[in-house]
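One-letter residues, chain by chain:
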Amino acid sequence: MPMPDVQRPIPGNEVDLGGEAELRRLARELKPLIEGDVRFSRHDRMLYATDASMYQVEPLGVVAPRSMTDVQRVVGFCAARGLPVLPRGGGTSLAGQAVNNTIVIDFSPYCDRLVEVDAKRRRARVQPGLVLDELNAAVSAEALMFGPDVATSAHATLGGMIGNNSAGARSILYGRTAEHIQAMDVLLADGRRLRFEEGAAQRDEQVAQLTRRVAEVVRSLADEIERRYPRTMRRVNGYNLDLILAQLRSSTPGTFDRVNLAHLFCGAEGTLGVMTEATVSLVETPRRKGLAIVAFRDVDEALAAVASCLEDRPAAVELVDDVIIDLARENIRHRRALDLLPSMPDGPAGAILYVEHFAGDERDLKRRLEALGRRFGDQRVRGYVDAEAITRAWALRKAGEPLLHGLPGARKPLAFVEDTAVDPRRLPAFVKRFRQVVEAHGTRAAYYAHASVGCLHIRPMICLKDDDDRRAMEAIAAETTDLVREFGGALSGEHGDGRVRSPLLRRFYGDAICEGFARIKAIFDPENRMNPGIITEPGSMTQRLRVKPNERIVNVPEVRTFFRYEHEQGFGEAVELCNGAGVCRRMHEGTMCPSYRATRDERHATRGRGNALRLAITGQFSSDGRTPAWDDEQTLRTLDLCLSCKACKSECPSNVDLAKLKAEYLAQGYARGRRIPLSARAIGRVRRLNRVGAMLPGAANALMQLGPARALANRVLGLDARRGLPRFAPSLYRWFRSRRPAELTAAAPAVILLPDCFTAYNEPHIGRAAVSVLEALGYRVILPRLGCCGRALISQGLLREAVATGRSTAGALMNCLEATGAIAVVGCEPSCISTIVDDWLDLEMDVDRGRLRALADRTMLIEDFIAARWERHPEPPAAGHRGAARPILVHGHCHQKALWRVEPTVELLRRLTGAKVELIDAGCCGMAGAFGYSPDHYDLSMRIGELSLFPAVRARGEAALVAPGTSCRHQILEGTGRPAGHPIEHIAAALGV
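Engineer: Would you mind going over the confidence of the model for the protein in detail, with residue names and values included?
Structural biologist: Per-residue pLDDT for the protein has a mean of 93; in total, 98% of the residues score no lower than 70. Scored below 50 in pLDDT, residues 1-13 shows 34 contacts in the model against residues more than four places distant or in partner chains.

In structure tokens:
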């Protein structure tokens, strides 16, 4: 078969294959050769055009192999056609090494096995897509862990860590990834498969040939390596020639028996070959951990204290400045950790140090923490040995980098000189000089750091859309390079070279060593096809920027939006808020992102959707490359599996609210004439449907059991035939009018019970329990006649109607609140409460903002109301009034977890029932309102439930189940066959009402 005439990659990473037709042809040829996914559509390619850096480079295609056989076939396919290749892990590179004009091999979906664990020898064999936290969880039973513990451990892959030579907060103990690599299986660009390990050159002639050539280069540069390579513990610039030189010198004369070329590949950023498996060393987990958090007036004072902190041999010393602390206050999730931080005697801290200690016993640990208190003053130090508190505190530190992207304004804290590393004792002097460099160019910086090893993350504020700022960025980078050399430090102590620092290597290392890098590259990749342009032959650091991918600034257009974007500082900021950090790709902890956890597909991660929206709205998916694509078919497909769970609003450190952006995008398309599906119109008006069904519930329920009627409902509403339908019941209003109210005094405070669509017409027994409980606690209950809150309309993107509906309902509710003097509005359905306290405040509803805010401040879930006023109810409840024999399992609603907390519900049930109450450690149930009813979503919905919720329910068959959300209860019933009740039902039973 004749091969296409493929242009060789050149600096700047431009490969001309002749357009989309040629790419489609390559995809057709490749697809039959492998079992994995071949993703060559432009939409798929563009989702891999960015990582966590400031760059955007469109790949030629993306392959997600299912096996190492697939990988070998892909590399061979590319070798035969001269195509460049980029192996990719989690795609969280901060320097831009994970984006290129290549065939991208994404290992993360399928090639993620822990192949073998040898606990006795403390080692494991791993595939490149295995996530660090998954490895550590698997070996924890053996009291082992992988030493380098990056902040992105929940979604960083071992392949990415090896490619980057990652370290972590505790690198003062564990060093870099290279120090933990024993062996590596690799594929070279020509398709050869080799195994690198110590002594391999003695056994394998191909490895021996490569080793001899590498040794020739390294030995010729020995003096330059001794003079130019930094002595700092943290150094990840260029290739590890210093490690190879040390191994050559320690080898038996005339042999290469101590040389391990795996250490050359570690930190090579995919430029030498493709790693297919690695054997890694493990370390013992510490017996005891303690964390002291110390407050300082400013960064300079904190850095001056680092040397003193190091005297007690800590496991980590980490710096966080006031910029990150202030951003955490605006973050729903991380503001909860601020109560763990100490203050200065006269006010808040301007910087803090995390000082972590490991110890063999409690006495030693206590001694170490108390020593810090004596050194800095007890008021300025808070010590923790409780695992939960330590985890919460570290979560704030780990979120430092993505939190910074939430800074308002055009200037953003950018990663281009942000991980320099110098001797920790020289950090104060270095920072002073660095600050002078930054300020001389008219900007400022944010600071956080692995202070224990002198690796300081300094983020100068730069607007990449401004020509002067881009020039300032290059000048700051050049001057910082000279400054780092003067201080004997490393240009990068953690995040590598990539596109941003490769252009600085010659200035840092000099011509001889950089020519040596090129010679090393040519040994393994003579055709320059492995991640070309990285480390060797780099372009400019300002080429292929995300805001200027094709030498033209791309902007978010001015558009009249349905939502307000005050918190995000405008619609444009909201669209560009995702920085690619990839926190949404974690598989455990929290809820974000349900569909990614089930599919492992970048397209269905929050990051993928954020990318798709940015590209569509900035016109990059339009034929002219400029006009916003409000009806882009592929973007709609990418958004389709968003469950609007709102988890990203709180769990994404940058607070990217995809549910809001998705609804806005759909609404803008509808406003421009895109057809609104009949199912969306019908589901958006669910309250009307339920109200009609509740008029004659028996007849309506019987009718829905008839085949023709159900088939019609399926077609109109877009329902899956496998789903059961909520049953109608006589309305809550009917019962409320006919009942005999409790006898209360005239002074009894009033509470408004929100009659949501389901409590009012499908599950009135929940509403009845709510009324009974409130009256038992001494409240006068008001059940107003209201319209819909608009939750379903918002989820369907029908924002024009949602605005009108919300305005009407909000007006009626505010009038009722003011007329009755009610002390609160309480509801049973979390999604409806979230609409009032979150969505209504964002929608452009032309309603008095002060009145709306006052309403939101007094609106809450009924169980939260009971818990919050525990000591102030007119008729206080008795704790444990009717103890429950069965334990209770609680599954929290996604909106509840995202916008407030589930723990008050758990504690209230525990207090009232006396039962053992546990919160199920699960994310989204998978139903998400109408999402799980759709034929296109049913299977995914059930897969999400099976991730953790369904197994947890099945494993605890003796427990009673509680779920505040109606969709959650429905999903649990259909997924496990077990009914779940609402918390208020258990509260009513405990109170005997």
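Engineer: How would you explain the pattern of salt bridges if you had to name every residue and give the values?
Structural biologist: Per the stated rule, a full pass over the model turns up 82 salt bridges. In this structure, E318 engages R397 in a salt bridge whose closest nitrogen and oxygen atoms are separated by 2.7 Å. With E318 in strand β13 (residues 316-321) and R397 in helix α16 (residues 387-398), this pair connects stretches of sequence that are 79 residues apart. Like E318, the residue R397 is buried in the burial classification. For R392, the salt bridge identified is with D339, shortest N-O distance 3.4 Å. Residue R392 is found in helix α16, and its partner D339 is found in the loop between α14 (322-329) and β14 (351-359); the two are separated by 53 residues along the sequence. Taking the relative accessible area as the measure of exposure, D339 reaches 48% and is therefore partly exposed. Look at the salt bridges and you will find they share partners, linking K646, K649, D657, R791, D838 and D839 into a network.

Engineer: Mind laying out a nonpolar patch on the surface, listing which residues take part and the relevant values?
Structural biologist: Taken together, the side chains of V692, M695 and L696 define a hydrophobic patch exposed on the protein surface, amounting to about 330 Å² of accessible area. With respect to the element layout, V692 can be found in helix α30 (residues 686-695).

Engineer: I'd like a rundown of the packing of helix α25 (residues 606-617) against helix α28 (residues 658-671), residues and numbers included.
Structural biologist: Where α25 meets α28, the axes come as close as 11 Å, and the angle between the chain directions of the two elements is 35 degrees. At the point where α25 passes α28, the crossing takes the left-handed sense. In this structure, α25 contributes T606, R609, G610, L613, A616 and I617 to the contact, and α28 contributes L658, L661, K662 and Y665. Of the residues assigned to the contact of α25 with α28, the class counts are 6 nonpolar, 2 polar and 2 charged.

Engineer: Tell me about the state of the cysteines, and name the residues and values.
Structural biologist: Applying the stated criterion across every chain yields a total of 0 disulfides. The cysteine C652 is free of any disulfide, with C578 supplying the nearest cysteine sulfur at 6.5 Å.

Engineer: If you had to explain the packing of aromatic side chains to someone new, which residues and values would you point to?
Structural biologist: Using the criterion set out here, one finds 16 aromatic pairs in the structure. Measuring from centroid to centroid gives 5.2 Å for F265 and F524, while their planes differ by 85 degrees, and the two rings are edge-to-face. With F265 in helix α11 (residues 262-265) and F524 in helix α22 (residues 511-524), this pair connects stretches of sequence that are 259 residues apart. In this structure F265 comes out as buried when scored by relative accessible area, which is 5%. Ring-pair connections join several aromatic residues into one group, and the members of that group are Y229, Y239, F508, Y509 and F517. Lying across the ring of W394, R170 places its NZ or CZ 5.1 Å from the centre.

Engineer: Provide a residue-level description of the sheet that holds strand β4 (residues 103-106), including the pertinent values.
Structural biologist: Spatial ordering of the open sheet is given by β1-β2-β4-β3, a layout of 4 strands whose pairing is mixed. Edge positions in the sheet fall to β1 (37-39) and β3 (85-88), since each has one partner strand and no second. Looking at each pair of strands side by side, their axes are set apart by 20 degrees on average, direction ignored. When strand β2 (residues 61-64) meets β4, the two strands line up parallel, connected through 3 bridges. Across the sheet, the residue bridging to G61 is I103, located in β4.

Engineer: How would you explain unusual backbone geometry if you had to name every residue and give the values?
Structural biologist: The residue after M592, namely C593, is reached through a cis peptide bond having omega -5 degrees. For C593, the position within the fold is in the loop between α23 (571-575) and α24 (594-599). Of note, Q569 is a non-glycine position whose phi angle comes to about 70 degrees, a positive value. Mapped onto the elements, Q569 comes out in the loop between α22 and α23. According to the relative accessible area criterion, Q569 is partly exposed, its value standing at 47%. Here the phi dihedral of N655 falls at roughly 60 degrees; this positive angle occurs in a residue that is not glycine. Mapped onto the elements of the fold, N655 is located in the loop between α27 (647-651) and α28. Here N655 falls in the buried class, since its relative accessible area comes to 12%.

Engineer: So what's going on with the side chain of R614? Residues and values would help.
Structural biologist: Among the structural elements, R614 can be located in helix α25. Sequence-distant contacts of R614, defined by excluding residues within four places in its chain, comprise T50, Q56, R546, V575, E576 and Q620.

Each value, and the rule that gives it
Residues numbered from 1 in each chain as written. Predicted model: local features only at pLDDT ≥ 70, side-chain atom pairs only at ≥ 80, totals over all residues. Heavy atoms only, no water. pLDDT = per-residue confidence, 0-100. Contact = heavy atoms within 4.5 Å. Salt bridge = Lys/Arg side-chain N within 4 Å of Asp/Glu carboxyl O. Helix = DSSP H or I, 4+ residues; strand = E, 2+ residues; numbered from the N terminus. Buried < 20%, exposed > 50% of the residue type's maximum accessible area, 1.4 Å probe, protein only. Patch = residues over 30% accessible without salt bridge, like charges linked within 9 Å, V, L, I, M, F, W, Y side chains within 5 Å. Areas by Shrake-Rupley, 256 points an atom, 1.4 Å probe, with all protein chains shown as cover. Axes fitted to C-alpha atoms, helices over the stretch in contact; angles between N-to-C directions. Left-handed = near helix turned anticlockwise from the far one by under 90°. Nonpolar A, V, L, I, M, F, W, Y, C, P; charged D, E, K, R; others polar. Disulfide = S-S within 2.5 Å. Phe/Tyr/Trp six-rings, centres within 6.5 Å; stacked < 30°, edge-to-face > 60°. Lys NZ or Arg CZ within 6 Å of the ring centre and 35° of its normal. Pairing = 2+ DSSP bridges.

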